[in-house]
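Chain residues, written in single-letter form:
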Amino acid sequence: MRALRGSVLLVAGALATAATLVRADDTTRQEIQKYQRMTSESSPVELWELQGADLWKAKRGPKNASLERCDLGMGPGVVKGAYAHLPRYFKDTGRVQDLESRLVTCMTTLQGFTEAEATKRVFGNADNPSDMEYLAAYVAGQSRGTKMQVSTKLPQEKETYELGKKLFFYRAGSWDFSCASCHGTEGKRIRMQELPVLSEPAGARGTYTTWPGYRVSVSQLKTMQWRINDCFRQQRFPEPAYGSEATVALTMFMAVNANGATYNGPGTKR
Amino acid sequence: MTKKTICLSFGAIAVTLAATQFSIAEPTPKELQTVLHRDFHAKGQAKMDRVDQDPVQRVCTETHDKPPVGLEKALEADQLKTIVLPADNQLMGDWKRGEKIAASGTGMTWKDKPDAVNGGSCYNCHQLSPAQPSFGTIGPSLTGFGKKRGHGPDAQKYVYSKIYNAKAFNLCSQMPRMGYSGTLTEQQIKDLTAYVLDPASPVNQ
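Residues numbered from 1 in each chain as written. Chains lettered and ligands numbered in written order. Predicted model: local features only at pLDDT ≥ 70, side-chain atom pairs only at ≥ 80, totals over all residues. Heavy atoms only, no water.

A. Inspection of the overall build of chain A at higher detail. Within chain A one finds 11 helices and 8 strands. The buried share of chain A, reckoned over its 270 residues, is 56%. Contacts spanning at least 24 positions in sequence make up 69% of the contacts within chain A whose residues lie at least 6 apart. Carbon and sulfur atoms form 51% of the exposed surface of chain A, whose accessible area is close to 11,400 Å². (Helix = DSSP H or I, 4+ residues; strand = E, 2+ residues; numbered from the N terminus. Buried < 20%, exposed > 50% of the residue type's maximum accessible area, 1.4 Å probe, protein only. Contact = heavy atoms within 4.5 Å. Areas by Shrake-Rupley, 256 points an atom, 1.4 Å probe, with all protein chains shown as cover.)

B. Inspection of empty space enclosed by the protein at higher detail. All names here are of chain A. Tallied over the entire structure, the rule returns 3 cavities of 30 Å³ or more. Estimates place the volume of the largest cavity at around 80 Å³. Every residue lining the largest cavity is listed: Tyr83, Leu86, Pro87, Asp98, Leu99, Glu100, Ala136, Tyr208, Pro212, Thr223, Met224 and Thr251. Along the lines of polarity and charge, the residues of the lining of the largest cavity split into 8 nonpolar, 2 polar and 2 charged. (1 Å grid on protein atoms, 1.4 Å probe; cavity = no way out; pocket = protein on both sides within 12 Å on 5 of 7 lines; lining within 4 Å. Points joined across faces, edges and corners; volume = space filled by probe spheres on them. Nonpolar A, V, L, I, M, F, W, Y, C, P; charged D, E, K, R; others polar.)

C. A look at the sheet that holds strand E8 (residues 267-269) of chain A. Residue and element names in this part refer to chain A. Here we have 3 strands laid out as an open sheet, ordered E6-E5-E8, and mixed in their pairing. The open sheet terminates on both sides in strands that have one partner only, identified here as strand E6 (220-222) and E8. Averaged over all neighbouring strand pairs, the angle between strand axes comes to 35°, with direction disregarded. Bridging between strand E5 (residues 213-215) and E8 involves 3 bridges; their strand directions are parallel. Residue pairing across strands places Gly213 opposite Gly267, the latter belonging to E8. (Pairing = 2+ DSSP bridges. Axes fitted to C-alpha atoms, helices over the stretch in contact; angles between N-to-C directions.)

D. Representation of the interface of chain A and chain B. The interface of chain A with chain B comprises 37 residues on the first partner and 54 residues on the second. Interface area for chain A against chain B, summed over the two sides, is near 4,100 Å², with a carbon-plus-sulfur share of 57%. Joining chain A to chain B, the criterion identifies 6 salt bridges. Note that B:Arg38 and A:Glu245 form a salt bridge whose closest N and O atoms lie 2.6 Å from each other. Our count for the chain A to chain B interface comes out at 32 residue pairs in polar contact (both at pLDDT 80 or more). Listing elements by their share of the side of chain A that touches chain B, those giving two or more residues are helix H7 (155-168), helix H8 (179-183), strand E3 (188-190), helix H10 (224-234), strand E7 (239-240) and helix H11 (245-257) of chain A. At 6 residues, the largest contribution of residues to the side of chain A that touches chain B is made by H7(A). Its residues placed into classes, the side of chain A that touches chain B shows 17 nonpolar, 7 polar and 13 charged. Note: E7(A) against strand E1 (residues 40-41) of chain B, 2 bridges, orientation antiparallel. (Buried area = accessible area lost by both parts, 1.4 Å probe. Salt bridge = Lys/Arg side-chain N within 4 Å of Asp/Glu carboxyl O. Polar contact = N/O pair within 3.5 Å; in protein donor to acceptor, adjacent residues only side chain to side chain.)

E. Quick peek at the nonpolar core. Residue and element names in this part refer to chain A. Counting residues in each nonpolar core, the largest one holds 71 residues, and the members touching the most others are Trp56 and Leu72. Broken down by element, this core gets its largest block of residues, 9 residues, from H11. Residue contacts for Leu72: discarding those within four places in its chain leaves Trp56, Val78, Val79, Ala82, Leu86, Arg88, Phe90, Leu99, Arg102, Leu103 and Val139. (Core = buried A, V, L, I, M, F, W, Y, C linked by side-chain atoms within 4.5 Å.)

F. Molecular detail of the state of the cysteines. Residues and elements named next belong to chain A. According to the stated counting rule, one finds 2 disulfides over all chains in the structure shown. One disulfide bridge connects Cys70 with Cys106, the sulfur atoms lying 2.0 Å from each other. Disulfide Cys70-Cys106: torsion about the S-S bond near 75°, hence right-handed. Pair noted here: Cys70 is in the loop between helix H3 (45-57) and strand E1 (88-90) and Cys106 is in helix H4 (residues 99-109), with a separation of 36 residues, a long-range link. With relative accessibility at 3%, the residue Cys106 sits in the buried group. (Disulfide = S-S within 2.5 Å.)

G. A look at the packing of aromatic side chains. Residue and element names in this part refer to chain A. Considering all chains together, one arrives at 15 aromatic pairs over all chains under this definition. Each ring, one from Trp48 and one from Tyr134, has its centre 6.0 Å from the other, and the planes form 35°; the classification is tilted. In this pair, Trp48 is assigned in helix H3 and Tyr134 in helix H6 (residues 131-141), connecting sequence segments 86 residues apart. Between Tyr161 and Phe253, the ring centres sit 5.3 Å apart and the planes meet at 50°, which makes this aromatic pair tilted. Of the two residues, Tyr161 is situated in helix H7 and Phe253 in helix H11; the sequence distance between them amounts to 92 residues. Residue Tyr161 is classed as buried on the basis of its relative accessible area, which comes to 13%. Judged by its relative accessible area of 2%, Phe253 is buried. (Phe/Tyr/Trp six-rings, centres within 6.5 Å; stacked < 30°, edge-to-face > 60°.)

Set out below in structure tokens:
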């Protein structure tokens, strides 16, 4: 694994350098798109997925058990296609859960970790990615090519979607921002970064189906919970709790808006 | 029509209205507040009062940024009263310092130190100097603003006030209230006003 990690860093380093060069010299939209094509063709995402698969099978925690019997909604141990059906309602917890909050459930029930232990370090860094990031990459990758089919049939699922929608348009904080301040109007940018309209299928499909994502600029794989967390930071809000009803609801809102699209992640980001 | 049928029809209308305005699964405002206060926590300078809405935020959220005109005008008038113009009546500072403030996007997040110097994040949303190709498009381009509007007292007062509290001019604007929110100091707003209006500023070249 050390060799693997080394090659990840090499690839990541080369990409980061390319990113800087591209940014410095070319600023047109075409050049950005060219760069995005280039990075998505040589992404180290698969190495995250491999590491995640190892972790999935590894016996860990007080119960010395693997996650192989984890029920992600399609039955214990079924990983293939599971991510394209999340978030969903789980009877055993009585909650609508996204991938990450569900993984926490499996770590506590199957492996015997406390919730505090399972969520202690969910966002890693370039030198030391988190277990959650590896696991999310692995599970999401197992839905590559699967059509997004997130259910709102159960009342709990419908309520979660509606809560997500409310939160998406909720303006507050020092700068009066909602999610829609940046992701509500077609064709807008922050600096050079194009902003998808996540409340509409067109924007949600392209974006949701490529998260989790490998961010070339920081050489890290980032999860959806991280993405939402960092958006709220930039909205100048207080911090949302990891895997909370609020963040799962926002994930639900975007996932349902992306329904019908083929899941194509983990993707590569700037 | 009997009295009873009138009551019934009104009842039916009320039910229809309720059904069109609120889906049953939608959280009530109180439920939403409960979720916000339970699922968010204070971090660094970002305290929990930030999830509570002031009247502007509430009206803009509830109307999807399209408030009824009467209410919009009344709230804009309230916002106008919050603007504090410099006591020395000098509204234009140094455009060179203004350029740095316009380019900086830091400040007010839970990662930023509360006593650190904040930026204006202007380039995140606006085009300003034609020499800076990395600009956002959420707000209108301000390139050549001073050349078009001049830099007389009215233009100065407008730009200073707009930066101080954008909601006084367009209630549901996406632009933060940079003075009112305590993000920028008086001197910083002066410097930004100069960056937008000064004939020597690259914005007007």
